[in-house]
Amino acid sequence: TVFSLDGQTYSVNPGAVPNSMPVYRFFNKTNGSHFYTASADEKNNVIATWPHIYTYEGPAFWLGQ
C-alpha cells in the first residue's frame with residue numbers, strides 16, 4: 001500500500017464558527033492565480049506592499065481548530 005488514511009487533519013467552514021481561524025485569499029492580477037494565507041500579519045503586509053499585483057478578496061474559508 002502506498003497511501004493510508006490517517007484521519008481528518010482539519011475542518012473547513014464556509015463561514016466563521018467558534019474556535020476557527022480565517023484563511024485569506026488574494027487574486028494575482030499578473031497570472032490569474034490565487035494566494036492564500038492564515039496569517040493576519042502576512043495578509044496586511046501583502047495589502048500594504050503589493051497592491052499592484054494582488055487584490056485582496058477577503059476570507060475564503062475558516063479552519064476549525
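Analysis parameters
- Residues numbered from 1 in each chain as written.
- Predicted model: local features only at pLDDT ≥ 70, side-chain atom pairs only at ≥ 80, totals over all residues.
- Heavy atoms only, no water.
- Pairing = 2+ DSSP bridges.
- Helix = DSSP H or I, 4+ residues; strand = E, 2+ residues; numbered from the N terminus.
- Contact = heavy atoms within 4.5 Å.
- Axes fitted to C-alpha atoms, helices over the stretch in contact; angles between N-to-C directions.
- Salt bridge = Lys/Arg side-chain N within 4 Å of Asp/Glu carboxyl O.
- Buried < 20%, exposed > 50% of the residue type's maximum accessible area, 1.4 Å probe, protein only.

## Observations concerning the pairing of strand β2 (residues 20–28)
Inference 1: Two strands pair when backbone bridges link them, and β2 and strand β4 (residues 54–64) are joined in this way by 9 bridges, in the antiparallel orientation. Considered in β4, the bridge of P22 is made with W62.
Inference 2: Note: β2 against strand β3 (residues 34–37), 4 bridges, orientation antiparallel. Residue pairing for β3: R25 is matched across the bridge by Y36.
Inference 3: Linking β2 to β3, which pair antiparallel, is a turn of 5 residues; within it G32 sits at a positive phi near 80°.

## Examining the sheet that holds β3
Backbone-to-backbone hydrogen bonds pair the strands of a sheet. The strands run either parallel or antiparallel.
Inference 1: In spatial order, the strands read β1-β4-β2-β3; together these 4 strands make up an open sheet with antiparallel pairing. Edge strands, defined here as strands with exactly one partner in the open sheet, are β1 (12–13) and β3.
Inference 2: On the sheet, helix α1 (residues 40–49) packs against β2, β3 and β4 and is oriented at approximately 25° with respect to β2.

## Quick word on unusual backbone geometry
Inference 1: Non-glycine residue N19 carries a positive phi angle of around 65°.
Inference 2: With respect to the helices, strands and loops of the structure, N19 is situated in the loop between β1 and β2.

## Overview of the pattern of salt bridges
Inference 1: Under the definition given, this model contains 1 salt bridge.
Inference 2: One salt bridge in this structure joins E57 and R25, with 2.5 Å as the shortest N-O distance. Of the two residues, E57 sits in strand β4 while R25 sits in strand β2, which places them 32 residues apart along the sequence.
Inference 3: We classify E57 as partly exposed; its relative accessible area is 38%.
Inference 4: Since its relative accessible area comes to 28%, R25 is described here as partly exposed.

## Concerning the environment of Y56
Inference 1: Examined against the element boundaries, Y56 turns out to sit in strand β4.
Inference 2: Judged by its relative accessible area of 33%, Y56 falls in the partly exposed class.
Inference 3: Taking the C-alpha atoms as reference points, Y56 and M21, 35 residues apart in sequence, are found 17 Å from one another.
Inference 4: Dropping the residues within four chain positions of it, Y56 is found in contact with Y24, R25, F26, K43 and I47.

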